[in-house]
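Tertiary structure, described
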Amino acid sequence: MIFRNLLSYLLLISLSINSSNASKYLRSNTLLTCMENSEFSSTFFDVYYYPHNSTAVFTIDGSSAISGKIKAHFELIVYGLSVYQDSIDLCSLNYPTICPISSGHINLEGTYQIQSDLTNQIPSIAYTIPDLDAYVLIMVYSTDDDDNESPLACLKAEVSNGKTVQTRYAGWPIAVISGFGLVVSSFVTILGHSATASHIASNAASLFIYFQNLAIMAMMGVARVPPIAASWAQNYMWSLGIIKADFMQDIIYWYVQSTGGDVSDVLSNRDIISLSIQKLKHFVLNKRAITAAAPAADDYLTDSTLYYNDEYNLTSKTLVLRGIQRVAFLADIEISNVFMTGIIFFLFIGFLLIFLISIFRGICEILIKSGTIKNHRFAYFRSNWNLIIKGAIYRYFDITFSTIVLLCVWEFTQNNSSGCLAFAIIIFGVVMILMSYATIRIFFEGMKSINQYQNPAYLLFGNDKFYFKFGFLYAQYLARKYYWVVLNFFYLFIRSLLIAVLQTNGKVCACIIFAIEIIHTVVVIWFRPYMDKRTNIFNIFIAVVNLINSVFFLFYSNVFKQPPVVSSVAAVVYFVLNAIFALVLLIFTIVTCTIALLHKNPDVQYQQVKDDRAAFMTFENNVNQNKDLELSALGESAMQGQDHDAFFSNKENEKPKLSPYEIENTNSKSHLEPYNPDYSNDSMNTNNNSNNNKLNPFAANDDASVVSSTSYDRENPFSNNHRLRNQL
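Report follows, based on the coordinates.

Reading guide: rules and limits
- The residue numbering used here restarts from 1 in each chain and proceeds along that chain's sequence as written.
- With the structure being a predicted model, the display of local features is reserved for residues of pLDDT at least 70 and the display and counting of side-chain atom pairs for 80 or more, all residues being used for whole-chain, interface and lining totals.
- Only hydrogens and water are removed before side-chain values are computed, so all heavy atoms of the structure are retained for them.
- Paired strands are those between which DSSP finds at least two bridges.
- Secondary structure is summarised from DSSP: a helix means a run of H or I of at least four residues, a strand means a run of E of at least two, and numbering begins at the N terminus for each.
- Between the first and last residue of a helix there are one fewer steps than residues, each counted as 1.5 Å, and that sum is the expected span.
- Any carboxyl oxygen of Asp or Glu within 4 Å of a side-chain nitrogen of Lys or Arg constitutes a salt bridge here.
- For every residue, the accessible area (1.4 Å probe, protein chains only) is compared with the maximum for its type, and the residue is labelled buried under 20%, exposed over 50%, or partly exposed between those bounds.
- What we call a nonpolar core is a set of buried Ala, Val, Leu, Ile, Met, Phe, Trp, Tyr and Cys residues that are connected through their side-chain atoms within 4.5 Å.
- Here, residues are in contact when the closest pair of their heavy atoms is within 4.5 Å.

Some thoughts on the pairing of strand β3 (residues 40-50)
As judged from the 3 bridges shared by strand β1 (residues 26-28) and β3, these two strands associate in the antiparallel manner. Its bridge partner being in β3, arginine 27 is matched across the sheet by tyrosine 48. Bridge count between β3 and strand β4 (residues 55-64): 10 bridges; the pairing is antiparallel. Note on β4: the bridge partner recorded for valine 47 is phenylalanine 58. Following β3, the chain reverses through 4 residues before pairing antiparallel with β4; serine 54 in that reversal takes a positive phi of roughly 55°.

Written out as structure tokens, the structure is:
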């Protein structure tokens, strides 16, 4: 009966407070040994304390090699600080079963009443603060050891209160707003507002990738991720497709087994095994005590007789989950199902994207044929919808590239089954080939444009087919910084690759990721590659926050051997910083998307990009040209109405005037020709009668006469028509 009194009594003596609210409780479900050759170890440990009746309910299963009279020293450590400690002689409890104690197997279940004077040691905030970072450290000594120099056992129990920042009410609204930005950018593109679409798409993609960074960094296999940091990062796992759906988990479970794989059973056995999900600091000691001021230990556990990390072969030892394993457990997904979960959501969203674009085109055709909308509405989308679908696929690959690399490479190291491995090889190969092809095409297209036209924007933005297919990958950058596509591609690839393959080397991974982030941040600040000042500031702030997060994970990896309080404080700062920053970015996204939808011409909200892209964009100029033709026709009609002589003139000699809608633009890319103000090209001088009058597009082809600048009356423009007829 020793641990009925020792663990229950000493664990809750300093954590429990007097409360009348039955919903409040304190719980410890992980008991770890914290020294080598500890004479006590547990295979299962679960203790609840309810303050409304001062009762502890416990279930403990373990083994003890201790015999004789013993005493215990316990210490409460909260956020790395020792806030309470005391010692007790177990013989003073007057329990004959623990004084003296006998060695053997221990299996305890029951309740224990805690004295009220012991429950007032901790303030009431212990029951309400989310993701409480606290644990109780217990050292057991023989009563003959007066100096407490030879501990018999070291036990550590994590304490939580059930409150957490990991909630669907944070994760799903963030996901909806991020998707809203991407949808609005696509819709505004169809409407022809290219400047607005480029800015919203760039910001939405950067926001989405920032959320992916939070999720991916949390997958590093570092020594310790404090509870509040792990829980907050878990809110962004949707960006990697780590979303639990019960029916889908059953399908994956069947698929893995049917393709020759093994399925982990951690979740189904969570109530009968001892778990550590790396929310604790693990100590590997040589018969010495631990204090809150002691430096952190390494990020690996050397005592294989106490700990293991093979989730497929469950034993009586403590199962340690870190990195992707920890993320899967917190998401309530079996570890063997993580890869297929992410891949299925990736394929589903891709299929849904293509389906919705096709449906929208079909609806447009139906509305036009029924006369509900005019024929010119969405004309460019309807005539180039196949290019738009290809562009949407590349856009989707771009924002999910980190996810595919991480999950597929990790699956290469796991090999859950032959079916899963086949999925990983095919999807990884397809995405890598397509993204590499797009990146190389963009790079060489930019070089070609510079060599031929001394301007990279000429071909990158002037070729509408190329732009609609690959434009999302480079539209957010200045035309002269087109090469940034290659750098960004490499940055996303190498970071996901390292986190996937270095799951068991937390220190090395954290150091390399920090080096990558600091180089990326410095380069972004120095070169400022994005299209305008606003977009540069947006992405610079994201890069700086990512760099700060990488510093936090250096602390979590214990590379500095810092005291535990440093990591605990860093976790609180991590949560506050990223929560505020995410809120600001989401508000910014909502505001910009709302303006784009409500404003008649949202392009006026953005300054013109200083790379001449607007002058080369064919589809944009076609829209503007139709508007200019309408205004020209209106002005011509106004001048005709002011000329009374023209009304009574001989209409037999007057050439009929063409409506702007009757002018056929046979060469929609004529604006891509090198600028020649004199129109002195050889092809134009050989046959003047076969060319349209560029100065007056309303003139007939057989009247090629050009009004000289000296015969045009600028003071009285309404008399020019009469003078022109006299010349004819």
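Regarding helix α15 (residues 533-556)
Helix length check: α15 (24 residues) gives 35 Å between terminal C-alpha atoms against 34 Å at 1.5 Å per residue, within 8%. One or two positions beyond α15, positive phi appears at asparagine 558, with a value near 65°.

Overview of the pattern of salt bridges
Applying the stated criterion across every chain, the model contains 5 salt bridges. The salt bridge involving aspartate 246 is made with lysine 244; its shortest N-O contact spans 3.6 Å. Among the residues examined, aspartate 246 registers a relative accessible area of 52% and is labelled exposed. A cluster of three or more residues bridged by salt bridges with shared partners is formed by Lys244, Asp246 and Asp332.

With respect to unusual backbone geometry
Here glutamine 454, not a glycine, exhibits a phi torsion of approximately 55°, which is positive. Mapped onto the secondary structure, glutamine 454 falls in the loop between α10 (418-453) and α11 (457-460). Although it is not a glycine, arginine 528 adopts a positive phi angle of roughly 45°. When you line up the elements, arginine 528 lands in the loop between α14 (506-527) and α15. Judged by relative accessible area, which is 48%, arginine 528 ranks as partly exposed.

Digging into the nonpolar core
Grouped together as the largest cluster of nonpolar side chains are 128 residues, with contacts concentrated most on Phe211 and Tyr474. In this structure phenylalanine 211 touches Ile174, Ser178, Tyr236, Trp238, Ser239, Ala582 and Leu586, once residues within four positions along its chain are discounted. Within the second largest apolar cluster, 35 residues are counted, among which are Ile66, Leu76, Leu108 and Ala157.

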